[in-house]
Amino acid sequence: MPTKTSTALLRLLSLSVTSSLFFSAAACAQGDNQIQALASTWSAQQSEIATGYFKYRLFRTGGDLAPLSCKQLRHLVESVNLAAHPDQLKTVIDGVQKTPIKAEPPWSVFESFFEGQKVRENDKSGASSIQVYDGDEKIEYDMLNKHVTLLSPGISKRYVKSLREFRFVPNPSPESYSIQDRGPSLISLRQGSSTLVVDGSTGAVHRYTASSADGKVTREISQSNFVTYPGGIIFPSLRIESTYDGSETLQWISISWIEEARFNTDLPKETFALSLPANTKILDERDSEHVRTFRTNEQISDVVAYIRSQIQPETLPARSRFSMWWVLAASALAIMVVLGVWRRRRIRTAG
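Below or above, wherever it landed, is the structure these notes cover. Since the model is a prediction, treat every value here as computed from it, not as a measurement.

What counts, and at which threshold
Residues numbered from 1 in each chain as written. Predicted model: local features only at pLDDT ≥ 70, side-chain atom pairs only at ≥ 80, totals over all residues. Heavy atoms only, no water. 1 Å grid on protein atoms, 1.4 Å probe; cavity = no way out; pocket = protein on both sides within 12 Å on 5 of 7 lines; lining within 4 Å. Points joined across faces, edges and corners; volume = space filled by probe spheres on them. Nonpolar A, V, L, I, M, F, W, Y, C, P; charged D, E, K, R; others polar. Pairing = 2+ DSSP bridges. Helix = DSSP H or I, 4+ residues; strand = E, 2+ residues; numbered from the N terminus.

A separate point is empty space enclosed by the protein. As enumerated under the stated definition, the model contains one cavity of 30 Å³ or more in all. Its boundaries defined by the atoms lining it, the largest cavity holds a volume of some 40 Å³. When the residues that make up the lining of the largest cavity are grouped by side-chain class, the tally is five nonpolar, two polar and one charged.

It is worth spelling out the pairing of strand β8 (residues 186–191) at this point. As paired strands, strand β7 (residues 178–182) and β8 are joined by four bridges and run antiparallel to one another. Of the residues in β8, the one forming a bridge with I179 is L189. As consecutive antiparallel partners, β7 and β8 are separated by three residues. As defined by bridge partners, β8 adjoins strand β9 (residues 194–199) across six bridges and the pair is classed as antiparallel. Within β9, the residue paired with I187 across the bridge is V198. Where β8 hands over to β9, the hairpin turn is made up of two residues, of which G192 adopts a positive phi near 65°.

The space that makes up the largest pocket amounts to roughly 460 Å³. What lines the largest pocket is a set of 21 residues, and nearest its centre among them are Q46, G116, S162, L163 and R164. Put simply, the parts of the chain that give the lining of the largest pocket at least two residues each are β1 (51–61), β2 (108–115) and β3 (118–123). In the lining of the largest pocket, the residues fall into seven nonpolar, eight polar and six charged. Put simply, the second largest pocket is a space of about 360 Å³. In this structure, the second largest pocket is lined by 20 residues; those nearest its centre are V77, E78, S222, Q223 and S224.

Purely geometric numbers; function is a separate question.
Printed below as a string of structure tokens:
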């Protein structure tokens, strides 16, 4: 028979197990609630910006890179204080290169405007180029050579950054995440073979790391120097995206540092309508089989509207021209038939 002591021990053990199960369930529930809250925050972040303006520094390359791992790149970035000394960005750029770049500064400076899918990018580094995507066409303007190329989306070989490439916001599907670790302010999440380090209160993503099936890092996005803008928009000033080969060695890197930003302000109507001076050459390459060439005789305010006004019926696509000739031929045949019938009746009447 069990003694009083053994009975008491069994009761204590039972209470301990029950308490452990209770607190474990509570922790799971708390974790689920936290993930739900983060997902709601990310969903709101995806739609909180209607318009945007950035002035930023950009460095991007896939050549002559130092054989760094993702951890070595993190240490390099953490060794500088860009908030206090933005020009220390050169230290980071020199550190990722096998040979330091002689150009001063080693980055390019751009101004970008965003509204929905529309983008305008002005190169302020002396290249004197403008790229505009107005929602329908891509326009590339070389100001030095007074040359414009009009292209269909996806055809251009020149890169232009979209708004989502300045801030990484995760997919707001709570069921795809699980909590891996918790710190005082940051939470580590797992999503398949990827991990995220996020701020538990703001949802801001500090780091996203994608790994292969064997656990090797293939891609990483790090974000830091967050600024809270009017309207409660939390946006990183520094964003670094890097990719790695099978030995986890740096293969490609893109670094952007935002110097100035504005959100949800009214943009002038002409922001995404490219104006041109007189005597500018325009190549319309939207139809690769029928490239059109124009030259402006005077200053114009909208290159796309100008081209549309210059297109004549004879410059219609081949299918449209075929349809037009078919209608003309059919009309001519009908007239010949009517004339033939009329002549036969006239001959019979005369006979």
